[in-house]
Amino acid sequence: MNFPSRLIEEAVTEISRLPGIGKKTALRLSLHLLKQHESVASSLAQSIIDLRSKTSYCKICHNISDTEVCSTCSNPKRDRSIICVVEDIPDVLAIENTSQYQGLYHVLGGVISPIQGRGPEDIHISSLMERVNTPLDGETVKEIILALPATMEGDTTSFFIGRKLEAIGIKVSTIARGIPVGGELEFTDEVTLGRSILTRTNYST
Amino acid sequence: MHLKNISLRQFKNFSADRFEFSEEVNCFLGLNGAGKTNLLDAIHYLCLTKSAFQSVDQFQMLHGTNFFMVKGSFINEGKILELDCSMESGKKKQLVLNGKPYQKMSDHIGLFPVVLIAPDDTSLIRDGSEERRRFFDNMLSQLSSNYLNQLVRYQHFLKQRNALLKQFHDSGKKDLSLLEPYSRELIQLSDIIHRQRFEFIQNFAPGIQSHYSFIAGESEKTDITYTSDAGEKTFEKDFRNSLEKDLILKRTNKGIHKDDYIFTIGGHSLKKFGSQGQQKSYLISLKLSQFDAFKLEKKQKPILLLDDIFDKLDDIRIGQLMKLVAKRDFGQLFITDARPERSIKIFSDLQIPAKLFHIEEGKLTEVTSI
Ligand SMILES: [Zn+2]
């Protein structure tokens, strides 16, 4: 693509670094910004700078937080005896949206994958072990729920963490995996169906 | 099921061409290097999303271009299935069925079964065990998506475990508990995959015999001996005992990625003791048995690709194969030949209707029929 101005070219290059945005879209966005009042562009720029420089993470669960300890970790109504381990921040939002969970979280920030050079020290595993060993406000952790993705890396990471926790005598559970609500058995893939039979649950009426 | 037509753009030495096929016999005729085998490969590509001859997709592109596309319409029980496969340099290959892109290429495997007979390609017999594992994995994957899933998982965990072994070696630090999730998966999956391979070979191997007798006119006993670490009762212990060696060699030494299939004739190794003629007859019999296995499981005849058989086989073997063609044992057939007059004579003499595609330097020049 040839640009009429070096300034536009620079903007297009920078914007197209964002995921899901190609050069064409980046050009459209750049031209749009040029047509707007100057304040639109400067407040966009400022919010991006603030996002990057001011956003901080909860020192306990590693979720995004404006304060040192996030609103979930500091909420006295949440059950501190139970921690749900997730891969990343959107997973916390997804579980919160179900309104089915009252415990705390722990965001790993990734899963172990030797091929990609990501080991246990590159994600927040040691701080999870610390949390388990040191009660928050005097309340001991009784259960860890592993809610990692149902991928191969999710599975091996769960196994690795699960072993470590079991070794110190903590109850470990994992979210159930199986047939989606409203799903037909015959259209469910074999791996999911097989797994949901192996990990079947008691039926209570 | 048959392939109705195919369009190529910048595929191998074809810049742009379209072919309308017969439901029965199709011949690609032209000098060596004209592009006959590339056409067979294009069909193979559509069916299995990969080349039969080339493991790097990039090499499928016409020299000097950065994009290729293969498009085809299959007819299955009266329904049209439009398949569109394309790739741009440095990007992921795209596969679209009836306008819907596949999320996983593996979902496509097995929908369009295909068998290729290339008699010159005895690497399956002569080369190392990897070729044979690839052949049987390819076949089992087309027969069972469950098998393919397990295999994909196995290969992934193997890569992870080997990467970890290498990191232990390079960094000098080793946390064996980190190895355990992968070892455990590999042990479990080895057991599952071994059982599937074992059962398959038990059913598959006896079928080769009758084809061999028919093609070779000989009655030596043919068989396949399947060997696997996972066949041992002590497999899990063997796997774990191999840790020391794994750490030194930086790779996993026990598991189904070491399996082999040994072809035997008269109780002896075909690779070591079989004549060239016996090896070719065995190879054809193996492929015909593959054809049978697909036909039985899929309830339809797979597409058959015959590469250069008239040049590479003697008259007796060609005659026997053509008997099968004349008996309509096969479904849709694609065959290459460098000498048009020879194919025309063979099919005319046998009164087999065939569509002939004359190809010159990556271009379709003429279509005739018998
Ligand atoms: Zn927190």
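Residues numbered from 1 in each chain as written. Chains lettered and ligands numbered in written order. Predicted model: local features only at pLDDT ≥ 70, side-chain atom pairs only at ≥ 80, totals over all residues. Heavy atoms only, no water.

### Comments concerning the overall build of chain A
In terms of helices and strands, chain A carries 7 helices and 6 strands. Reading chain A from its N terminus to its C terminus gives the helix and strand order α-α-α-β-β-β-α-β-α-β-α-β-α. Along the longest, intermediate and shortest principal axes, the C-alpha atoms of chain A span 65 × 50 × 40 Å. In chain A, which comprises 205 residues, the proportion classed as buried is 34%. Counting contacts in chain A only where the partners sit at least 6 residues apart, residues at least 24 apart contribute 48% of the total. For chain A, the accessible area works out to roughly 13,400 Å², and carbon and sulfur atoms hold 55% of it. (Helix = DSSP H or I, 4+ residues; strand = E, 2+ residues; numbered from the N terminus. Buried < 20%, exposed > 50% of the residue type's maximum accessible area, 1.4 Å probe, protein only. Contact = heavy atoms within 4.5 Å. Areas by Shrake-Rupley, 256 points an atom, 1.4 Å probe, with all protein chains shown as cover.)

### Side note on the overall build of chain B
A tally of regular secondary structure across chain B gives 13 helices and 15 strands. Here the C-alpha radius of gyration of chain B, 22 Å, is about what a compact globule of 370 residues would show, namely 21 Å. Across its three principal directions, the C-alpha atoms of chain B cover 70 × 50 × 35 Å. Long-range pairs, those at least 24 residues apart, make up 69% of the contacts in chain B between residues at least 6 apart in sequence. As displayed, chain B offers around 17,300 Å² of accessible surface, 49% of which is attributable to carbon and sulfur atoms. Of the charged side chains in chain B, 53 are positive and 48 negative, and the gap between their average positions amounts to 4 Å. (Rg over C-alpha atoms; globule rule 2.2 N^0.38 Å. Lys, Arg positive; Asp, Glu negative; His and termini not counted. Charge placed at Lys NZ, Arg CZ, Asp CG, Glu CD.)

### A look at helix 12 (residues 315-326) of chain B
Residue and element names in this part refer to chain B. The end-to-end C-alpha distance of helix 12, which contains 12 residues, comes to 16 Å, matching closely the 16 Å that a straight helix rising 1.5 Å per residue would cover. Buried residues along helix 12 sit in contact with strand 3 (25-29), helix 6 (208-216), helix 10 (276-298), helix 11 (309-312), strand 13 (333-337) and helix 13 (340-349). Count one or two residues on from helix 12 and you reach R328, which has phi positive near 60°. (Expected span 1.5 Å × (residues − 1).)

### So, the sheet that holds strand 9 (residues 222-227) of chain B
Residues and elements named next belong to chain B. Taken together, 3 strands build an open sheet; the order of strands is 9-10-11 and the sheet is antiparallel. Only two strands of the sheet have a single neighbouring strand rather than two, namely strand 9 and strand 11 (268-269). Where strand 10 (residues 260-265) and strand 11 come together, 2 bridges link them in antiparallel fashion. The residue of strand 11 that forms the bridge with I265 is H268. (Pairing = 2+ DSSP bridges.)

### Looking at the packing of helix 3 (residues 129-143) of chain B against helix 4 (residues 145-171) of chain B
Residues and elements named next belong to chain B. Between helix 3 and helix 4, whose axes approach to 5 Å, the crossing angle comes to 130°. Here helix 4 runs oblique to helix 3, going by the angle between their axes. From helix 3, D137, L140, S141 and L143 reach across to helix 4, where they touch S145, Y147, L148 and L151. Grouping the constituent residues of the contact of helix 3 with helix 4 by class yields 5 nonpolar, 2 polar and 1 charged. (Axes fitted to C-alpha atoms, helices over the stretch in contact; angles between N-to-C directions. Parallel < 35°, antiparallel > 145°, perpendicular 65-115°, else oblique. Nonpolar A, V, L, I, M, F, W, Y, C, P; charged D, E, K, R; others polar.)

### Quick look at the pattern of salt bridges
Tallied over the full model, the rule gives 32 salt bridges over all chains. Among the ionic pairs, R240 of chain B bridges to E180 of chain B, the shortest N-O distance being 3.0 Å. With a gap of 60 residues between them, R240 of chain B in helix 7 (residues 235-241) and E180 of chain B in helix 5 (residues 176-204) connect regions that are remote in the sequence. In this structure R240 of chain B comes out as partly exposed when scored by relative accessible area, which is 35%. Judged by relative accessible area, which is 15%, E180 of chain B ranks as buried. A salt bridge links D229 of chain B to K254 of chain B; the nearest nitrogen and oxygen atoms lie 4.0 Å apart. Placement of the pair is D229 of chain B in the loop between strand 9 and helix 7 and K254 of chain B in the loop between helix 8 (243-249) and strand 10, with a sequence separation of 25 residues. The exposure class of D229 of chain B is buried, given its relative accessible area of 19%. Among the charged side chains, a salt-bridge network with shared partners connects D155, R177 and R195 of chain A together with R153 and E185 of chain B. (Salt bridge = Lys/Arg side-chain N within 4 Å of Asp/Glu carboxyl O.)

### Re the nonpolar core
The biggest cluster of nonpolar side chains holds 91 residues, and the ones touching the most others in it are I144 of chain A together with F136, I224 and L286 of chain B. When residues in this core are grouped by element, the largest group, 10 residues, is from helix 5 of chain B. Those residues in contact with I224 of chain B that lie beyond four places of it in its chain are F136, I201, F204, A205, I208, Y261, I262, F263, T264, Y282 and L286 of chain B. (Core = buried A, V, L, I, M, F, W, Y, C linked by side-chain atoms within 4.5 Å.)

### Looking at unusual backbone geometry
Residues and elements named next belong to chain B. Its identity as a non-glycine residue notwithstanding, N98 has a phi of 45°, on the positive side. Locating N98 in the fold gives a position in the loop between strand 6 (94-97) and strand 7 (100-101). Relative accessible area serves as the criterion here: at 44%, N98 is assigned to the partly exposed category.

### Focus on the sheet that holds strand 2 (residues 14-20) of chain B
Residue and element names in this part refer to chain B. Spatially, 6 strands are ordered 2-1-4-5-6-7 in an open sheet, and the strand pairing comes out antiparallel. Edge positions in the sheet fall to strand 2 and strand 7, since each of these pairs with one other strand and no more. Relative to strand 6, strand 5 (residues 79-88) runs antiparallel, the two being bridged by 4 bridges. Within strand 6, the position partnered with D84 by the bridge is V96. Its contacts with the sheet put helix 1 (residues 36-48) on strand 1 (2-11), strand 2, strand 4 (67-76) and strand 5, and the angle it makes with strand 1 is roughly 110°.

### Brief notes about the environment of L31 of chain A
All names here are of chain A. By the element assignment, L31 lies in helix 2 (residues 23-35). For L31, a relative accessible area of 36% puts it in the partly exposed group. Spatially, the C-alpha atoms of L31 and I123 are 40 Å apart, while their sequence positions differ by 92 residues.

### Describing the coordination of the zinc ion
Residue and element names in this part refer to chain A. Within the protein, the atoms that donate to the zinc ion are C58 (SG), C61 (SG), C70 (SG) and C73 (SG), at distances of 2.3 to 2.4 Å. Taken together, the 4 donor atoms coordinating the zinc ion and their angles of 107 to 113° define a geometry best described as tetrahedral. Taking the relative accessible area as the measure of exposure, C61 reaches 2% and is therefore buried. (Donors = N, O, S within 2.8 Å, 3.2 Å for Na, K, Ca; no water. Tetrahedral: all angles 85-135°; square planar, octahedral: opposite > 155°, others 65-115°.)

### Re the domain arrangement of chain A
Considered domain by domain, chain A is made up of domain 1 (6-54) and domain 2 (64-174). Relative placement of domain 1 of chain A and domain 2 of chain A: their C-alpha centres are 35 Å apart. (Domains from an automatic or database assignment.)

### What to know about the packing of aromatic side chains
All names here are of chain B. One pass over the structure, following the stated rule, counts 25 aromatic pairs over all chains. Arranged with centres 5.7 Å apart and planes meeting at 65°, the rings of F28 and F357 form a pair that is edge-to-face. On the criterion of sequence distance, the pair formed by F28 in strand 3 and F357 in strand 14 (residues 354-360) is long-range, its members being 329 residues apart. Look at F357 and you get buried, because its relative accessible area is 1%. One aromatic cluster is present, built from ring pairs that chain together F135, F136, F200, F204, Y212, Y226, Y261, F263 and Y282. (Phe/Tyr/Trp six-rings, centres within 6.5 Å; stacked < 30°, edge-to-face > 60°.)

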